[in-house]
Amino acid sequence: VGFSHVDVGRAVATFLHGKGRRRLGVVAGDDERAMRRTAAFQATARALGLPEVAVVTVPAPTTLKSGRGALARLLNDAPGLDAVFCSSDLLALGVLTEAQVAGVAVPGQLAVVGFGDLALAADVHPALTTVHIKGAAIGRQAAQFIVDRAEGRAVAERVVDIGFNIVESEST
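A short note on the pattern of salt bridges
Phase 1: This model, assessed by the stated rule, comprises 5 salt bridges.
Phase 2: Residue Arg36 pairs with Glu32 through a salt bridge whose shortest N-O separation is 2.6 Å. On the criterion of helical spacing, the pair formed by Arg36 and Glu32 is a turn pair, its members being 4 residues apart in helix 2 (residues 32-47).
Phase 3: In this structure Glu32 comes out as partly exposed when scored by relative accessible area, which is 48%.
Phase 4: Among the ionic pairs, Arg68 bridges to Glu98, the shortest N-O distance being 2.9 Å. One end of the pair, Arg68, is in helix 3 (residues 64-77); the other, Glu98, is in helix 4 (residues 89-102), and 30 residues separate them in sequence.
Phase 5: Accessibility expressed as a relative area gives 28% for Arg68, which makes it partly exposed.
Phase 6: With a relative accessible area of 15%, Glu98 lands in the buried category.

Here you go:
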């Protein structure tokens with residue numbers, strides 16, 4: 001029970017492309033799930049005919065500070081960057097902070113997308129576009145499977161993809 005990290009990466013790259021963004025970057029933690037999202041994001045950008053995606057990987061657990069440092073590197077190494085997908089909302093908040101310090105207008109010059117839909121994502125300025133994971137639905141379905149198994153009922157579906165959605169806000 002869960003969602004596809006590959007589908008998330010594909011969806012965010014397609015979303016940003018649809019917004020007219022062409023020079024994409026990623027700030028990602030070095031965990032396996034973030035790497036799956038990043039690889040799918042890069043592959044989708046290639047399939048859309050976009051230039052190579054600039055990627056900065058930071059140690060997990062990710063922090064606001066590591067997001068700030070990653071954007072500073074991207075701005076130095078990838079001039080003209082116009083969108084960044086972050087593997088966590090915390091990284092994205094660091095990217096937003098560093099963009100403000102560097103005088104980079106969000107979303108005018110740089111679009112920012114996070115992952116996780118933290119409660120504070122809607123309260124920062126600009127409000128953060130993020131990927132919402134349906135955690136409660138995942139929990140309910142997993143609990144139902146446990147109850148079914150405990151009561152001797154077979155679980156017909158071995159894999160259940162609950163899905164996700166992109167919560168569009170001011171940062172894109």
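From this point, the narrative continues.
Some thoughts on the nonpolar core
Phase 1: One finds Val27, Leu74, Val84, Cys86, Leu110 and Val112 to be the most contacted residues of the largest nonpolar core, which totals 23 residues.
Phase 2: Put simply, the parts of the chain that give this core at least two residues each are strand 2 (54-58), helix 3, strand 3 (83-86) and helix 4.
Phase 3: Not counting residues within four places of it along the chain, the set of residues in contact with Val27 comprises Val56, Ala70, Leu74, Val84, Phe85, Cys86, Ser87, Leu91 and Val95.
Phase 4: By size, the runner-up hydrophobic cluster in this structure holds 20 residues, among which are Ala13, Ala28, Ala34 and Leu50.

About the thresholds
- Residues numbered from 1 in each chain as written.
- Predicted model: local features only at pLDDT ≥ 70, side-chain atom pairs only at ≥ 80, totals over all residues.
- Heavy atoms only, no water.
- Salt bridge = Lys/Arg side-chain N within 4 Å of Asp/Glu carboxyl O.
- Helix = DSSP H or I, 4+ residues; strand = E, 2+ residues; numbered from the N terminus.
- Buried < 20%, exposed > 50% of the residue type's maximum accessible area, 1.4 Å probe, protein only.
- Core = buried A, V, L, I, M, F, W, Y, C linked by side-chain atoms within 4.5 Å.
- Contact = heavy atoms within 4.5 Å.

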